[in-house]
Amino acid sequence: MFNIHTLTRFQQLETPFYYYDLNLLGKTLESCSAASAKYNFHVHYAMKANFNPKVLELVQSHGFGADCVSGGEVKAAIQYGFDKSKIVFAGVGKSDKEINEALDRDIFCFNVESVQELGIINNLAKAKNKMASVAIRINPNVDAHTHHFITTGLEENKFGVNTWELPAVVDALKKCDSLEFLGIHFHIGSQITDMEVYKNLCIKVNELQQWFLDNGLAIKVLNLGGGLGVDYHNPDENPIGDFESYFKVFHDNLDIKPNQEVHFELGRAFVAQSASLISRVLYVKNGINKNFLILDAGMTELIRPMLYQAYHEIENLSAAGRIENQESRIKNEEKNILTLDSGLFTRTKYDVVGPICESTDCFRKDVELPESFRGDLIVIRTAGAYGEVMASGYNLRDRVTSVYSE
Ligand SMILES: *Cc1c(COP(=O)(O)O)cnc(C)c1O
């Protein structure tokens, strides 16, 4: 939610930029801490969602671990002060170089995604005279009921070991004397809002845990991955994800053994609501059946709509300001919240597009907005996760910058 002071501040800045609400991020982290502490759950932050320095500093300062998916992320996690005993490293294609560097850094655990990878990590660890701690990422074939572009736990997906390969995993683990088996790992997808999905995951995890016990392998760590979704349609009503319900589902449905650690890896739910992409209207172009708002931000700044058909709320902050002035004579000077729910102004449907030379460079079609003009500030909400991190230099564009709440 933006007020007249934010508008004034934004008007003086060059667009496009990401605007980070560090206050909301802090509150979100506290909410997650409190909800997970209730059950002694361990939470790692999935760095790939957002590795902006200020974000990493704040997440680290709240005591979370780091979930990394590349050697670069492992390196950054250490650099930003994450405790190496809280760093996990997943990824379907870890290179030898990445594995060696992670071994040198003595991370907590490799989440291993194939039988072949087990052998490679074992050999590399042996060469260093080290023990590598591993968890097996299992593909549980549980449907995440999310967009198929961000589903990871079905047999058709490339991630993890399939259940029919588990006997081979046990054989490999028994042969590999430079590996220490910690437990099992899952990550079935992203933007999951249906808690039934996690309940189904728990049922599968309980079965698999029993299978490992029956095969002589005790499990110290159950890692359930991440995926908790946020409300992209109502960012103001639901600025903080439902960590309470999320952790409760696992507490209620997982068969947790004495002294067993339960770990999670949350990315999106930490950061999504804490940032918006701010841009300006460059041109208003009227087509035959369509009106286009051409922004100075595009898929080079936020690719989620183009890559995943993702939905983002889009607001015209300048129009909100004009509406406010018109109706105004704002009675309550302190509150002063900008609103778009005004009948005073004509609303028009626009396809909100970027400047990139690709037809898919469209944030959303038929967005109903107050009449908009060149120079208006457009806010694209809930852009904190998988936003700035996916920015690219395509079309030789300048790298998007970031601005922080005061
Ligand atoms: C991306 C990822 C996560 C985080 O997913 P979110 O949907 O952002 O919570 C967790 N674990 C692994 C292995 C991942 O690749």
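Note on numbering: residues in each chain are counted from 1, in written sequence order. Since the coordinates come from a predicted model, pLDDT governs what is reported: local features require at least 70, and pairs of side-chain atoms require 80 or more to be given and counted, while whole-chain, interface and lining totals use all residues. As a rule here, side-chain values cover all heavy atoms of the structure and leave hydrogens and water aside.

Caption draft 1: Inspection of the domain arrangement of the protein at higher detail. Per the domain assignment, the segments making up the protein are domain 1 (22-272) and domain 2 (273-404). Look at where the C-alpha atoms of domain 1 and domain 2 centre, and you get two points 34 Å apart. In this analysis, two residues are considered to be in contact whenever any of their non-hydrogen atoms come within 4.5 Å of each other. Contact with domain 1, which involves 24 residues of that partner, is made by 21 residues of domain 2. Of the roughly 2,100 Å² buried at the junction of domain 1 and domain 2 (both faces included), carbon and sulfur atoms supply 53%. We define a salt bridge as a side-chain nitrogen of Lys or Arg found within 4 Å of a carboxyl oxygen belonging to Asp or Glu. Counting across the domain 1 and domain 2 interface gives 1 salt bridge. Put simply, Asp-236 and Arg-381 hold a salt bridge, and the shortest N to O gap is 2.9 Å. Tallied by class, residues from the side of domain 1 that touches domain 2 come to 14 nonpolar, 5 polar and 5 charged. Throughout the structure description, domain borders are defined by an automatic or database domain assignment. Accessible area, probed at 1.4 Å, shrinks when two parts are joined; the buried area is that loss added up over both. Note that Gly is not counted as nonpolar here; it falls among the polar residues with everything else outside the nonpolar set of Ala, Val, Leu, Ile, Met, Phe, Trp, Tyr, Cys and Pro and the charged set of Asp, Glu, Lys and Arg.

Caption draft 2: Seen up close, the pairing of strand S12 (residues 291-295). In this sheet, S12 lies alongside strand S11 (residues 275-286) in antiparallel orientation, the contact comprising 5 bridges. Paired with Val-284 across the strands is Leu-293, a residue of S12. Between S11 and S12, which pair antiparallel and follow one another directly, the connecting turn spans 4 residues. Only when DSSP finds a minimum of two bridges between them are two strands counted as paired. Numbering goes from the N terminus for both helices and strands, where a helix is a DSSP run of H or I of at least four residues and a strand is a run of E of at least two. Pairing between S12 and strand S14 (residues 347-353): 3 bridges, direction parallel. Residue pairing across strands places Leu-293 opposite Val-352, the latter belonging to S14.

Caption draft 3: Local environment of unusual backbone geometry. Cis rather than trans, the peptide bond between Thr-15 and Pro-16 has omega equal to -5°. Assignment of secondary structure puts Pro-16 in the loop between helix H1 (4-11) and strand S1 (17-20). Phi at Asn-129 is positive, roughly 60°, even though this residue is not glycine. Within the secondary structure layout, Asn-129 lies in the loop between helix H6 (115-127) and strand S6 (132-139).

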